Amino acid sequence: MRLGIIGLPNCGKTTIFNALTGQNLPTESFSSGQLEVHTAVVNVPDPRIDFLSGVFKPKKTTYATITYTDIGGLDKGIGQGGLSGPMRNELQQVDGFLHVVRAFHDDNVPHPQETVDPVRDLETIDGEFLLVDLITVENRLARLEEERKKGKVENKQQNAAETELFERLHAQLEAEQPLRDLDLKPEEIKLLRGYGLLTLKPVLVIFNTGDDGNDPTANLDYDHQATLVMALHGALEAEIAQLDDPGDMAVFLAEYNIEEPSRARVIRLSYELLNIHSFFTHGDDEVRAWSLRKGGTAVEAAATIHTDLARGFIRAEVVAYDDFAAAGSINEVKAQGKMRLEGKEYMVHDGDMIIIRFNV
Ligand SMILES: Nc1nc2c(ncn2[C@@H]2O[C@H](COP(=O)(O)OP(=O)(O)OP(=O)(O)O)[C@@H](O)[C@H]2O)c(=O)[nH]1
Ligand SMILES: [Mg+2]
């Protein structure tokens, strides 16, 4: 799963990308207005995997991952036809957004709108995305109508259903509300997948407060579905990410009175935002966390590991992580009768330890 880091010029996207990924990309204070993309994969920290790795002592330990893409070059005006093809591609391909909003004051860092105003900036990008989606929806409606007029409609029912759906989207966008606030049915979401609608994607809003003592999330009126909000100190977090030595890190955190770096929290919220959770596989070779959509079944879990496992699925042997951690070993868990045999349709829970029995 991939999250795109977006925001107005100079809000701190690359700084936060560095903080999340431990990279050290330059963050000069200038904005070329050109599309510039950087991608990195990060491990999702999970103490349960650390514990399992300690027990099984595998050759390899693999965490779940999230990919972050720093998408530079967005600015006011893209909704008025200013969105380039390559930029559109980048935005459409991600599974969700990390929307960085500048909330720090620093006279050395120019602001494209002159003043620092987080709520205005948040609404600026939101407004641009609404416009981009509006154009997409209007184009589709026009196409549907054209097909009807020309009598080219192969499936009248489908044309009518799609027209009804796109009219609903249109009304929502005209009311300046994001599409993710509509309660769409799974089949409608599936139908819309190919259109790359931006306001349908989940968003984690991150206010970059710098060293300012304010908390812009305190009185924020921003209530949307599939939307999370947090604040962090961008530059500070990027510095922390450059410290390899745990001792240095402890000193640094104490000096700035920070309990825990925000990195882990951002990654955790990213994971939550994407509506996925983890199941585990274990063995002498590898202890591994896998991501699965919430509500996913045992056979989907099998398919995540390998298509052969799904094709030849016989059953899943499942142990809840908490039961395992309490028992301390697989033998003890079995003795306690806490290993379950489950079929294809079993709904996987977060932290399930799974062995797939299969035959191909
Ligand atoms: N004072 C302060 N400056 C910051 C903070 N975070 C970022 N900056 C500065 O803001 C400027 C822009 O930061 P970037 O991370 O490059 O911002 P960006 O959004 O990637 O910018 P573009 O890619 O050019 O749109 C740099 O000079 C950073 O050093 C912060 O927390 N406090
Ligand atoms: Mg940048």
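Up top is the structure.
A brief look at the structure comes next.

The rules behind each value
- Counting restarts for each chain, with residues numbered from 1 along the sequence as it is written.
- Going through the entries in the order they are written, you letter the chains from A and number the ligands from 1.
- Local features in this predicted model are restricted to residues of pLDDT 70 or higher, and side-chain atom pairs are both shown and tallied only at a pLDDT of 80 or more, whereas totals for entire chains, interfaces and linings draw on every residue.
- Water and hydrogen atoms were dropped before computing side-chain values, which therefore reflect all heavy atoms in the structure.
- Secondary structure elements are taken from DSSP: a helix is a run of H or I of four residues or more, a strand is a run of E of two residues or more, and numbering for both begins at the N terminus.
- Any helix carries an expected span of 1.5 Å times its number of residues minus one.
- Cavity means a closed set of points on a 1 Å grid over the protein atoms alone, one where a 1.4 Å probe fits but cannot get out, pocket means an open set with protein on both sides within 12 Å along at least 5 of 7 lines, and lining means a residue has an atom within 4 Å of a point.
- Grid points are joined across faces, edges and corners, and a volume is the space filled by probe spheres set on the points.
- In this classification, Asp, Glu, Lys and Arg are treated as charged, Ala, Val, Leu, Ile, Met, Phe, Trp, Tyr, Cys and Pro as nonpolar, and every other residue, Gly included, as polar.
- Nearness is defined per residue: one heavy atom within 4 Å of the molecule or strand is enough.
- We define a polar contact as two N or O atoms separated by no more than 3.5 Å, with the added condition that, inside protein, one atom must be a possible hydrogen donor and the other a possible acceptor, whereas residues neighbouring each other in sequence contribute only through side-chain atom pairs.
- Residue burial considers only the protein chains on display, and all accessible areas are found by Shrake-Rupley using a 1.4 Å probe.
- Here, the term nonpolar core denotes a set of buried Ala, Val, Leu, Ile, Met, Phe, Trp, Tyr and Cys residues that are joined through side-chain atoms within 4.5 Å.
- Accessible area is worked out with a 1.4 Å probe on protein chains only. A residue is then buried under 20% of its type maximum, exposed over 50%, and partly exposed in between.
- Segmentation into domains, and thus their bounds, comes from an automatic or database assignment.
- Every residue pair with non-hydrogen atoms within 4.5 Å of one another is taken to be in contact.

Attention now moves to helix α4 (residues 118-149). The end-to-end C-alpha distance of α4 is 47 Å, a good match for the 46 Å that 32 residues give at a rise of 1.5 Å each. Just downstream of α4, G151 is the residue with a positive phi angle, here 65 degrees.

Let us look at the layout of surface pockets. When its volume is computed, the largest pocket comes out at roughly 1000 Å³. Lining the largest pocket we find 26 residues, and of these D95, I189, R193, L200 and P202 sit closest to its centre. The leading source of residues in the lining of the largest pocket is helix α6 (residues 186-192), at four residues. Of the residues contributing to the lining of the largest pocket, the split by class is 14 nonpolar, four polar and eight charged.

Before going further, it helps to examine the site of ligand 1. Among the 19 residues in the neighbourhood of ligand 1, the closest are listed as K13, T14, T15, D106 and A235. A distance of 3.2 Å separates an oxygen atom of ligand 1 from a polar atom in the backbone of C11. Contacts to ligand 1 include D106, whose side-chain N or O atom sits 2.9 Å from a nitrogen atom. Isolated, ligand 1 exposes 650 Å² of accessible area, and the fraction of that covered by the protein chains is 85%.

Counting 39 residues, the largest nonpolar core has Y68, L98 and V266 as the members making the most contacts within it. Here this core takes five residues from helix α9 (residues 262-273), the largest share from any one element. Both domain 1 (2-272) and domain 2 (295-358) contribute no fewer than three residues apiece to this core. With near-sequence residues (within four places) excluded, L98 lies in contact with L3, G4, I5, I6, L20, Y68, L204, I206, V266 and S270. Core analysis: the second largest hydrophobic core is formed by 21 residues, L8, L122, V203 and V205 among them.

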